[in-house]
Amino acid sequence: MYAISLGDDGAELRPLEPWRAEEFLTHMDRGREFIGQHIAIADAVTDLESSRSILQSYAEKAAADTGRIYGIWTDGNLVGGVLFRTMDIGHGTAEAGCWLEPSAVGKGLVTRAARVIIDWAVEERGIHRVEWRVSAANEASIAVARRLGMTKDGVLRESYLYRGKRADMEVWSVLAPEWRAGKRAS
């Protein structure tokens, strides 16, 4: 339907819709082990039905204005994504997240894609606070939060049960005035 350029390298951001379930599953299969180190979506998307179900749930969130999911494409291949796991327009809050397969690591794709969706949320939807919740062991995602100009709010100790182990979760955030000031400074 539409694509937003993420830069001169041809990378694009597009809505990740239910009709892309097969492509989403293929992408998850390529990156499952890497993505699954910290992100539960790798365990949730295991077959075409579960892939379609996840994407349908986000289509419903988009219709209700409570979440969104976008894919990142390079050279015509889905290689990762960014999302708003939650959005509460009334309270002006949203929780952003990301994932990426190994072939796309180190190119700044998640940072560029997250900038697009956070800017949209702040400027178009009136979101005041965007959160980034990340496993304390996920150094790459923490680095993205820093590059986005987020502030570390704190650590939720052993708050996330994942694959039978409890993980500390860091909470990072950026407020709308900080986001706008960061854009002006760039």
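Analysis parameters
- Residues numbered from 1 in each chain as written.
- Predicted model: local features only at pLDDT ≥ 70, side-chain atom pairs only at ≥ 80, totals over all residues.
- Heavy atoms only, no water.
- Helix = DSSP H or I, 4+ residues; strand = E, 2+ residues; numbered from the N terminus.
- Contact = heavy atoms within 4.5 Å.
- Polar contact = N/O pair within 3.5 Å; in protein donor to acceptor, adjacent residues only side chain to side chain.
- Pairing = 2+ DSSP bridges.

With respect to the environment of lysine 183
And step 1. As for its position among the elements, lysine 183 is in helix H6 (residues 176–185).
And step 2. The spacing of lysine 183 and aspartate 119 is 64 residues in sequence and 9.2 Å in space, taken between C-alpha atoms.
And step 3. Each residue touching lysine 183, except ones within four places of it in the same chain, is listed here: Asp119 and Glu123.
And step 4. A polar contact is formed between the side chain of lysine 183 and the side chain of glutamate 123, at a distance of 3.4 Å.

Examining the side chain of serine 50
And step 1. Tracing the sequence through the fold places serine 50 in helix H3 (residues 48–64).
And step 2. In contact with serine 50, not counting residues within four places along its chain, are Ala44 and Val45.

Topic: the sheet that holds strand S6 (residues 129–135)
And step 1. In spatial order, the strands read S1-S2-S3-S4-S5-S6-S8-S7; together these eight strands make up an open sheet with mixed pairing. Of all the strands in the sheet, the pair left with one neighbour each is strand S1 (4–5) and strand S7 (151–162).

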